[in-house]
Amino acid sequence: MSELTVLASPSRYVQGKGALGALGTHLAALGDRPLIVADDTVWGLFSAQVTEALEAAQLPVVRVGFERFATPEAVDALVEVISADGHDVIVGLGGGSTIDAAKASGHLAGIRWASVPTAASSDAPTSALAVIYTAEGEFVEYRFFPRNPDLVLIDTQVVAEAPVRFLAAGIGDALATWLEARATRRGTASAMAGGRPTLAGTALAELSWDILWENALPALDAVSARVVTPALEAVVEANTLLSGLGFESGGLAAAHAIHNGLTAAPQTHGLTHGQKVNIGSLAQLVLEGAPTAEIEDFVVFTTRVGLPNTLTEIGLAPEDTAELRAIAEAATVEGETIHAMPFPVTAEDVLAALTALEGLSRRVRREHGLPEPERYTGGGH
Ligand SMILES: [Zn+2]
């Protein structure tokens, strides 16, 4: 285990209302034959803006489609397009899987890569790693790259026009960042960047948490109204940049390991990354024996944000012992980030924490006059 401290970050981060209009200028600094990866829905929405921005910078507009998950096959197919047509920079335009596929293929092909998220729905865009899934959406592996994206560009007007649940998911992903960085700091493990956390990495994770508690609810209001406000700008930076730097250089722990474990339960498959991470965050707080007030505040806040904090909301129940055990075992396999916790964690511990969530969250919600959880039935496809 390394005693060195490491901070990793993208070369350039660009955020703001209308940022997509500056995409050509920023890409022109990286190459002259960009390849845009975007699914049909995303391309339908943004092709006009992207085309105008690239043409203004005298760049050709070449786009390739993308299916649902960053599978090993999808990544290899992109590498073939890159080498066949001599592209020198790949741009992942859209959601987390599109961006991860662009990163993984850019790395394999040895060219530059850029992340252009169309929602602030996770902290993946800034990082030097990609999450690879099966075509059915099961977690396969993390792939680590020696470099971060050359460019991360996020247009807050685009974020404002995306569905509210995307921003809520990003908030769920970003809330975990401080909980996991704090646990990593207390323990002895390395962060994803390949060393012990720098003070900066830990501090950025905490800043992300503070910004979210202050701004998350008004930012969600802004997205409901499809407008950009200072609260939304702050949350987009917390979800994308601060959480990205904070998880990669501050450390992942139980929350993301439990998220990965949840992919073993088909009931949860239609849920977003951030929704599943939120279950992991609450389970981590329970595992840690965090102060009751902290746990209850987390339940209240995440209910208001619209994130799941009960098994019911992810299609499970405390009685689903077989599924919960499978999740707990997947979350505690050797090499999982749960072992960054500052104490040993077994599958039994995770099973107990997950089982406890239902009654705990239902009680806290009831005591605060918050709605009962609604059963999630969208999984399994
Ligand atoms: Zn995450």
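Residues numbered from 1 in each chain as written. Predicted model: local features only at pLDDT ≥ 70, side-chain atom pairs only at ≥ 80, totals over all residues.

Visitor: Outline the pairing of strand 5 (residues 89-94), supporting the account with residue identities and numerical values.
Guide: Extensive coverage of strand 5 is indicated by the burial of six of its six residues. Relative to strand 6 (residues 112-117), strand 5 runs parallel, the two sharing six bridges. Counterpart to Val91 in the pairing with strand 6 is Ala114. Read as a crossover between parallel neighbours, the route from strand 5 over helix 4 (residues 96-109) to strand 6 is right-handed. (Buried ≥ 20, exposed ≤ 12 C-beta atoms within 10 Å, placed from the backbone. Helix = DSSP H or I, 4+ residues; strand = E, 2+ residues; numbered from the N terminus. Pairing = 2+ DSSP bridges. Right-handed = clockwise from strand over helix to strand, strands pointing away.)

Visitor: Tell me about the nonpolar core, residues and numbers included.
Guide: By size, the foremost hydrophobic cluster in this structure holds 123 residues, and its most contacted members are Val37, Val91, Leu167, Val235, Ala254 and Ala283. Two domains each donate at least three residues to this core, and these are domain 1 (5-160) and domain 2 (163-367). (Core = buried A, V, L, I, M, F, W, Y, C linked by C-beta atoms within 7 Å. Domains from an automatic or database assignment.)

Visitor: Hey, could you go over the packing of helix 9 (residues 254-262) against helix 12 (residues 321-331) for me, with residue numbers and the actual values?
Guide: As a packed pair, helix 9 and helix 12 sit with axes 7 Å apart at the nearest point and diverge in direction by 130°. When the axis of helix 9 is compared with that of helix 12, the two are oblique. Classified by chirality, the crossing of helix 12 by helix 9 is right-handed. Seen from helix 9, the contacting residues are Ala257, Ile258, Asn260, Gly261 and Leu262; seen from helix 12, they are Ile327, Ala328, Ala330 and Ala331. Of the residues that constitute the contact of helix 9 with helix 12, the class distribution is seven nonpolar, two polar and no charged. (Axes fitted to C-alpha atoms, helices over the stretch in contact; angles between N-to-C directions. Parallel < 35°, antiparallel > 145°, perpendicular 65-115°, else oblique. Left-handed = near helix turned anticlockwise from the far one by under 90°. Contact = placed C-beta atoms within 7 Å. Nonpolar A, V, L, I, M, F, W, Y, C, P; charged D, E, K, R; others polar.)

Visitor: Describe the domain arrangement of the chain, naming the residues involved and giving the relevant values.
Guide: Assigned domains of the chain: these are domain 1 (5-160) and domain 2 (163-367). The gap between the C-alpha centroids of domain 1 and domain 2 is 25 Å. In this assembly, 28 residues from domain 1 lie in contact with 41 residues from domain 2. Elements represented by at least two residues in the side of domain 1 that touches domain 2 include exactly strand 1 (5-6), strand 2 (13-16) and helix 5 (156-161). The biggest single contributor to the side of domain 1 that touches domain 2 is helix 5, with four residues. In the side of domain 1 that touches domain 2, the residues fall into 14 nonpolar, 11 polar and three charged.

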